[in-house]
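Structural overview for review
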Amino acid sequence: MAIVIDILRASTTINTLLQLCNEVYITDSIEKANSYENTIKIGERNGKKIEEFDFGNSPTDILKNKEIILEHVKNGGKVVLTTTNGTRVMKRVFKNANYVLIGSITNAKYVAEKAVELSKSGITLVPCHRKGTFAIEDVIGAGLIARYIEEISKEKTKNEEVLAAKLLTKGDWKSLILNSNSADNLRNLGYHGDLMFCISENSQNVVGMFDGEKVVKI
Ligand SMILES: O=C(O)[C@H](CS(=O)(=O)O)OP(=O)(O)O
Ligand SMILES: [Mg+2]
């Protein structure tokens, strides 16, 4: 069991979409996203909406346009997402994990409950990071989820990366995220609203499982 964590913003966007539809197609390729028929295309590169797409990787923009998405899905349409980091990591993790859940701060407790319920042999937390460099927001997300997993399972981890992640959540972790490189980039692009949305802990009771092509609500 792996939980893939991309706080800003892929995991949060996926969980937001799962409040509107039962499955979100995932790809790390713009070309592949464009190949889907009858599909709302959502995605970004380096935080900027992909020009020909319907929406960027913005949970607040998605909620502002939820009626469009609800109507589209009701009529049998698909939704596809491609992002700079998170969707790429999900594809990679799926190759080595039997179950892959999508974790965010917005569903931290809920995804922990599902992971403990489903896991038979341990839970691996996978922060996505950003362009191959350390992303503190994803480690903080892992620390928050780890704390819920331990609260529910009554088992304490010895994994030192998780211990470090949990330590980061003891202080003013919201400021750490709001002052992160990822946050600076998004704020400069005008996505301050997304930042506040992505750190709203346990605001979403929804979780999806990635099957290699799409995240399906469970
Ligand atoms: O869309 C996002 O918020 C980020 C953009 S960047 O890589 O941090 O510039 O992508 P994500 O794949 O959600 O981390
Ligand atoms: Mg990110």
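Report on the accompanying structure.

The rules behind each value
Residues numbered from 1 in each chain as written. Chains lettered and ligands numbered in written order. Predicted model: local features only at pLDDT ≥ 70, side-chain atom pairs only at ≥ 80, totals over all residues. Heavy atoms only, no water. Helix = DSSP H or I, 4+ residues; strand = E, 2+ residues; numbered from the N terminus. Rg over C-alpha atoms; globule rule 2.2 N^0.38 Å. Contact = heavy atoms within 4.5 Å. Areas by Shrake-Rupley, 256 points an atom, 1.4 Å probe, with all protein chains shown as cover. Lys, Arg positive; Asp, Glu negative; His and termini not counted. Charge placed at Lys NZ, Arg CZ, Asp CG, Glu CD. Near = heavy atom within 4 Å. Polar contact = N/O pair within 3.5 Å; in protein donor to acceptor, adjacent residues only side chain to side chain. Nonpolar A, V, L, I, M, F, W, Y, C, P; charged D, E, K, R; others polar. Axes fitted to C-alpha atoms, helices over the stretch in contact; angles between N-to-C directions. Parallel < 35°, antiparallel > 145°, perpendicular 65-115°, else oblique. Left-handed = near helix turned anticlockwise from the far one by under 90°. Donors = N, O, S within 2.8 Å, 3.2 Å for Na, K, Ca; no water. Buried < 20%, exposed > 50% of the residue type's maximum accessible area, 1.4 Å probe, protein only. Phe/Tyr/Trp six-rings, centres within 6.5 Å; stacked < 30°, edge-to-face > 60°. Salt bridge = Lys/Arg side-chain N within 4 Å of Asp/Glu carboxyl O. Arc of directions from axis to C-beta.

A few words now on the overall build of the protein. Counting its regular elements, the protein contains 11 helices and nine strands. Taking 218 residues into account, the globule formula puts the C-alpha radius of gyration at 17 Å, and the protein, at 16 Å, falls close to it. Projected onto the principal axes, the alpha-carbon positions of the protein cover approximately 45 × 40 × 30 Å. At a minimum sequence separation of 6, the contacts of the protein that also span at least 24 residues come to 76%. Approximately 10100 Å² of the protein is accessible, and the part contributed by carbon and sulfur atoms is 49%. Positive and negative side-chain charges in the protein, numbering 29 and 27 respectively, have mean positions lying 2 Å apart.

Another aspect to go through is the side chain of Thr-84. On the secondary structure map, Thr-84 appears in the loop between strand S5 (78-82) and helix H5 (86-94). In this structure Thr-84 touches Glu-44, Arg-45, Asn-46, Gly-47 and Lys-131, once residues within four positions along its chain are discounted.

Turning next to the site of ligand 1. Neighbouring residues of ligand 1: 16 residues in total, closest Asp-6, Arg-9, Thr-83, Asn-85 and Arg-130. The separation between an oxygen atom of ligand 1 and a polar side-chain atom of Glu-44 is 3.2 Å. Between ligand 1 and Gly-86, the relevant distance is 2.9 Å, taken from an oxygen atom to a main-chain nitrogen or oxygen of the residue. Protein contacts shield 99% of the accessible area of ligand 1, which totals 360 Å² for the unbound molecule. Tallied by class, residues from the shell around ligand 1 come to three nonpolar, eight polar and five charged.

Right, let's get into the packing of helix H6 (residues 108-118) against helix H7 (residues 136-153). Running from N to C, H6 and H7 point in directions that differ by 50°, and their axes come no closer than 8 Å. The angle between H6 and H7 falls in the class oblique. You can see that H6 and H7 cross each other, and the crossing is right-handed. Residues Ala-108, Lys-109, Val-111, Ala-112, Glu-113 and Val-116 of H6 form the contact with H7, whose participating residues are Ile-145, Tyr-148, Ile-149, Ile-152 and Ser-153. Looking at side-chain class alone, the contact of H6 with H7 contains eight nonpolar, one polar and two charged residues.

We now examine the coordination of the magnesium ion (ligand 2). The magnesium ion (ligand 2) binds to the protein through Asp-6 (OD) and Leu-8 (O), with metal-donor distances spanning 2.1 to 2.2 Å. The two residues Asp-6 and Leu-8 agree in class, both being buried.

It is worth spelling out the packing of aromatic side chains at this point. Enumeration according to the criterion identifies two aromatic pairs in this entry. Taking the centre distance of 5.2 Å and the plane angle of 55° together, the rings of Tyr-25 and Tyr-36 count as tilted. Placement of the pair is Tyr-25 in strand S2 (residues 23-26) and Tyr-36 in the loop between helix H2 (30-35) and strand S3 (39-45), with a sequence separation of 11 residues. Here the aromatic rings of Phe-94 and Phe-210 are separated by 5.6 Å at their centres, their planes lie at 70°, and the arrangement is edge-to-face. Residue Phe-94 is located in helix H5, and its partner Phe-210 is located in strand S8 (residues 208-210); the two are separated by 116 residues in the primary sequence.

Take the pattern of salt bridges next. Pairs may arise between side chains of opposite charge once their charged atoms sit close together. On inspection of all chains with the given rule, the structure shows eight salt bridges. The shortest N-O distance in the salt bridge between Lys-114 and Glu-117 comes to 3.8 Å. Taken together, the residues span about one helical turn, with Lys-114 and Glu-117 both in helix H6 at a distance of three residues. Residue class for Glu-117 comes out exposed when judged on its relative accessible area of 52%. Among the ionic contacts, a cluster of salt bridges with common partners joins Glu-150, Lys-156 and Lys-166.

Within the sequence span of helix H8 (residues 160-168), burial applies to Val-162, Ala-165 and Lys-166. Relative to the axis of H8, the buried residues are bounded by an arc of 100° and lie together on one face. In this structure, H8 carries Glu-160, Glu-161 and Leu-167 as exposed residues pointing more than 90 degrees from its buried face. At the N-terminal end of H8, a side-chain oxygen is found 2.8 Å from the backbone nitrogen of Glu-161, two or three residues along, and the residue is Asn-159.

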